[in-house]
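A closer look at the structure
Letter by letter, the chains look like this.
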Amino acid sequence: MTPSITVWIALFGWPLVALVFYRRWSLPVATAATLIGGYLLLPHGIAKDFPLLPPLDKDTIPAAAALVLTWFACRDPRRAGGALPGWLPRDGLALLFMAMMVFGGIGTALANTEVAISGGARLQAMRPYDGFSRALNAAVLLLPFLLARKVFATTEGQRVLAIVLVGSAVAYAVLALWEVRMSPQLNREIYGFFPHSWIQHKRGGGFRPIIFLSHGLLIGIYFASAIILAFGLAKTEVKHRTRYIAAGIWLLIAIVLSKVLGALALTLLMLPILLFLPRRMQVITAAALGAVVMLYPILRNADLIPTQAIVDMAASVSTERAESLNYRIVNEDRLLERAAEKPLFGWGGFARNRVFNERGKDISVTDGYWLILFGQGGWVRYIGEFGLLLLGVFRLFFQRRDRIDPITVTLALALIVNLIDLLPNAGISPLTWMITGALIGRNEVRARDPDEEAAPIADTPRSGIRYARDFGPPKPARGGVMTQRSTSGTPHSSARTPPPRSKGQLHG
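Here is what the cut-offs are and how they apply
- Every residue gets a number counted from 1 within its own chain, in the order that chain's sequence is written.
- Selection of residues for local features in this predicted model requires a pLDDT of at least 70, selection of side-chain atom pairs for listing and counting requires 80 or more, and totals for whole chains, interfaces and linings are taken over all residues.
- Hydrogens and water are ignored here; the side-chain numbers use all heavy atoms of the structure.
- Per the convention used, a helix needs a DSSP run of H or I reaching at least four residues, while a strand needs a run of E reaching at least two, with both numbered from the N terminus.
- For the exposure calls, accessible area comes from a 1.4 Å probe over protein chains only, and a residue counts as buried if that area is under 20% of its type's maximum, exposed if over 50%, partly exposed in between.
- By definition, residues are in contact when any of their heavy atoms lie within 4.5 Å.
- Per-residue accessibility takes into account occlusion by the displayed protein chains alone, with areas from the Shrake-Rupley method and a 1.4 Å probe.
- Salt bridge criterion: a side-chain nitrogen from Lys or Arg within 4 Å of a carboxyl oxygen from Asp or Glu.
- Residues grouped as a nonpolar core are buried Ala, Val, Leu, Ile, Met, Phe, Trp, Tyr and Cys residues, joined through side-chain atoms within 4.5 Å.
- To estimate the expected span of a helix, count its residues, drop one, and scale the result by 1.5 Å.
- One fitted axis covers the seven residues ending at a residue, a second covers the seven starting there, and the bend at that residue is the angle between these axes.
- Within 3.5 Å is the distance limit for a polar contact, defined as a pair of N or O atoms, with the added protein rule that one can donate a hydrogen and the other accept it, and that residues adjacent in sequence qualify only through two side-chain atoms.
- For helices, the fitted axis covers only the stretch in contact; all axes are lines through C-alpha atoms, and the angles between them, taken along N-to-C directions, range from 0 to 180 degrees.
- By the definition adopted for this analysis, an angle is roughly parallel if under 35 degrees, roughly antiparallel if over 145, roughly perpendicular if from 65 to 115, and oblique otherwise.
- For any pair of crossing helices, the crossing counts as left-handed if the nearer helix is rotated counterclockwise from the farther one by less than a right angle, and right-handed if it is rotated clockwise.
- The pLDDT value tells you how sure the predictor is about a given residue, anywhere from 0 up to 100.
- Centre distance within 6.5 Å is the pairing criterion for rings of Phe, Tyr and Trp, where only the six-membered ring of Trp is used; planes under 30 degrees apart are then read as stacked, over 60 as edge-to-face, and the remainder as tilted.
- Note on residue classes: Ala, Val, Leu, Ile, Met, Phe, Trp, Tyr, Cys and Pro are nonpolar, Asp, Glu, Lys and Arg are charged, and everything else, Gly too, is polar.
- Two joining distances apply to patches: 9 Å for like charges and 5 Å for nonpolar side chains (Val, Leu, Ile, Met, Phe, Trp, Tyr), and every residue must have over 30% relative accessible area and no salt bridge.

Focus: the overall build of the chain
Each helix and strand counted, the chain has 18 helices and six strands in total. When burial is assessed residue by residue, the chain has 51% of its 508 residues classed as buried. Taking all contacts inside the chain whose residues are at least 6 apart in sequence as the whole, residues at least 24 apart take part in 74%. Summed over its atoms, the accessible surface of the chain is roughly 24,000 Å², and 63% of this surface lies on carbon and sulfur atoms.

Shown next as structure tokens:
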């Protein structure tokens, strides 16, 4: 089915939408709306590919627009309050992991200049151009991370990010439940095509929504993260606690009806940790789960992951799900054997990391994002990417308890939900990188001065959405007196008090 003209209108019109966001709202809200809105609303799988440039699609266009508009906004000191200086992290480990991601692609190309043989298939060699392309794609992948590190580093910035994520999820749940009832039709009706396999979105006698994402599983993990954030905000935002509890319950209903079992299981695993454990134990749990994700290839190779027990547990819920999970595990074993032949830089692209039979037919299935990274980029790419994704969580683990903000811990738990899902699925998104950047930026603020906090962006949850005109100079009130509101909420005059008039001539 040929995509409609609305695809190109939406993609290349999004920078204009972003411009409106940046003109009307504060920097954190506009950045969050541009990146999250583009991810949720733009069509997947359609791109304009120009020579020497990364494909222009739903990931690159919002990120590039946000980068340019944030740069212009930060030139105005009145709008840049709370933003970190510079565009690169000050954390040495973060820079190292970024370098491994970007330059590891060049090393992968240089290590795969020969034709690869897998079964009866001959797979083409990689060229230096392919290494440059992989490096450029990795750099573009990091744009949401760099933006989030700069804009959402303060406690208030992280709070704005969480509120926008929850609010957008609440609205997206309406579309999800419409597709649960009416079948996944929105992408086809608006953009003229269906972005994935239809059969994979028929579940349990009904439908799994997909809306404008690449797969229904991504909707589930998005809702799971938003549920964690909603209940985390309910614990800290006393004035609006009922609102966030209602949002969390609404999203729980949506994730159950969306038939995404894995995301639901992760939600039910993480919610008790968030609601009942003290803050320090939440951080310890997040770091422990992050360590499992980081070491997963080693644990998997050493048979320390109880795969059979997991399959048996899935069988108690659904035979179909257990068979699917067992099929994935069998394929993981094949692909791990293939990856072991090139452990440092991996096999690169052109399906070189996959397994073929004697007739040259591809017999492998790569579902987990970790396995795709490990097979294509080896340990260099795997450690670089997952090291960067988990660095903020590990840094949080070494913070003193009195220096850990509740909203930062909530974001860390939401990130861990995303990263655990990357073991069976390939659902990494700009939202994952945004949370990662916010955590690393927050650590930079604390490392710079534990007692110094950047200027707050908003005073109340509602005032997180502020208009650009609010950053201008105060307007004169009637009678020519400028008034502004003090920190206590009491209006006071900012005009200079004129001196008293003299009664008679002044003398020396």
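Structural notes on the pattern of salt bridges
Two side chains bearing opposite charge may form a pair once their charged atoms approach each other closely. One pass over the full model with this rule turns up 16 salt bridges. A salt bridge links arginine 338 to glutamate 341; the shortest N-O distance between them is 3.8 Å. Connected via shared salt-bridge partners are Glu114, Lys342 and Arg352.

Things to note about the nonpolar core
Within the largest apolar cluster, 132 residues are counted, with the highest numbers of intra-cluster contacts made by Ile36, Tyr172, Phe223, Phe386 and Leu388. Residue contacts for tyrosine 172: discarding those within four places in its chain leaves Leu40, Leu41, Ile211, Phe212, Leu213, Ile219, Tyr222 and Phe223. Core analysis: the next-biggest nonpolar cluster, separate from the first, contains five residues, Ala116, Leu123, Trp347 and Phe356 among them.

Considerations on helix α4 (residues 92-110)
End to end, α4 covers 26 Å across 19 residues, agreeing with the expected 27 Å (1.5 Å per residue, within 8%). Phenylalanine 103 marks the point of greatest bend in α4, at about 35 degrees. The complete set of buried residues in α4 reads Ala94, Phe97, Met98, Met100, Met101, Val102, Gly104, Gly105, Gly107, Thr108 and Ala109. Elements in contact with the buried residues of α4: α5 (128-141), α6 (143-151), α16 (369-397) and α18 (430-448). The distance from a side-chain oxygen at the start of α4 to the backbone nitrogen of leucine 93 is 2.9 Å, and the residue carrying that oxygen is aspartate 91.

Regarding the side chain of aspartate 405
By secondary structure assignment, the location of aspartate 405 is in the loop between α16 and α17 (406-421). Given a relative accessible area of 12%, aspartate 405 falls into the buried group. Of note is the side chain of aspartate 405, whose polar atom sits 3.2 Å from the side chain of threonine 155. Excluding residues within four positions of it along the chain, aspartate 405 makes contact with Thr155, Arg442 and Arg446.

So, the side chain of arginine 352
Mapped onto the elements, arginine 352 comes out in the loop between α15 (319-339) and α16. By relative accessible area, which is 0% here, arginine 352 ends up buried. A polar contact is formed between the side chain of arginine 352 and the side chain of asparagine 112, at a distance of 3.0 Å. Of the polar contacts made by the side chain of arginine 352, one reaches the backbone oxygen of glutamate 114; its length is 2.9 Å. Sequence-distant contacts of arginine 352, that is, excluding residues within four places in its chain, are made with Asn112, Glu114, Val115, Ala116, Leu123, Gln124, Ala125, Met126, Arg338 and Trp347.

Focus: the packing of helix α12 (residues 279-294) against α17
Packing of α12 against α17 brings their axes to within 10 Å, and their N-to-C directions diverge by 25 degrees. Comparing the axis directions of α12 and α17 gives the class roughly parallel. Taken as a pair, α12 and α17 cross one another with a handedness that is left-handed. Taking contact as the criterion, the partners of Arg279, Gln282, Val283, Ala286, Leu289, Gly290 and Val293 in α12 are, on α17, Pro406, Val409, Leu413, Ile416, Leu419 and Ile420.

Quick notes on unusual backbone geometry
Residues other than glycine seldom take positive phi values, yet lysine 259 does so here, at roughly 60 degrees. Positive phi values are uncommon outside glycine, yet phenylalanine 350 reaches one of about 60 degrees. Turning to its location among the elements, phenylalanine 350 is positioned in the loop between α15 and α16.

Re the confidence of the model for the chain
Mean pLDDT over the chain works out to 86, with 88% of the residues at or above the 70 mark. Ignoring residues within four places in sequence, the model shows residues 453-508, a span with pLDDT below 50, making 71 contacts including any to other chains.

Some words on the packing of aromatic side chains
For the structure shown, the criterion picks out 15 aromatic pairs. Between tyrosine 191 and phenylalanine 212, the aromatic rings sit 5.5 Å apart at their centres with planes inclined by 70 degrees, giving edge-to-face as the arrangement. Pair noted here: tyrosine 191 is in helix α8 (residues 186-191) and phenylalanine 212 is in the loop between β4 (206-207) and α9 (216-236), with a separation of 21 residues, a long-range link. With respect to class, tyrosine 191 is no different from phenylalanine 212; both count as buried. Seen from their ring centres, phenylalanine 397 and phenylalanine 398 are 5.1 Å apart, and the 85 degrees between their planes marks the pair as edge-to-face.

Structural notes on α15
Its 21 residues place the ends of α15 30 Å apart at the C-alpha level, agreeing with the 30 Å of an ideal helix rising 1.5 Å per residue. Buried within α15 are the following residues: Ala322, Ile329, Asn331, Glu332, Leu335, Leu336, Arg338 and Ala339. Structurally, α15 contributes buried residues whose contacts are with β1 (116-118), β2 (121-123), α13 (296-301), α14 (307-317) and α16.

Here's the deal with the packing of α14 against α15
Contact geometry for α14 and α15: axes closest at 7 Å, N-to-C directions at 160 degrees. With respect to α15, the axis of α14 lies roughly antiparallel. The way α14 lies across α15 gives a crossing that is right-handed. In contact with Thr307, Ile310, Val311, Ala314 and Ala315 of α14, α15 contributes Thr319, Ala322, Leu325, Asn326 and Ile329. Grouping the amino acids of the contact of α14 with α15 by side-chain chemistry returns seven nonpolar, three polar and no charged.

Let's talk about a nonpolar patch on the surface
Residues Ile245, Ile249, Ile253, Val256 and Leu257 make up a contiguous nonpolar surface patch of roughly 390 Å² in combined accessible area. Along the chain, isoleucine 249 falls in helix α10 (residues 241-257). Under the relative-accessibility criterion, isoleucine 249 is labelled partly exposed at 44%.

Notes on the environment of isoleucine 210
Within the fold, isoleucine 210 resides in the loop between β4 and α9. Once the C-alpha coordinates of isoleucine 210 and phenylalanine 194 are considered, the two residues, 16 residues apart in sequence, prove to be 9.3 Å apart. Contacts of isoleucine 210, omitting those with residues within four sequence positions, involve Glu179, Pro184, Phe194, Pro195, His196, His201, His215, Gly216 and Ile219.

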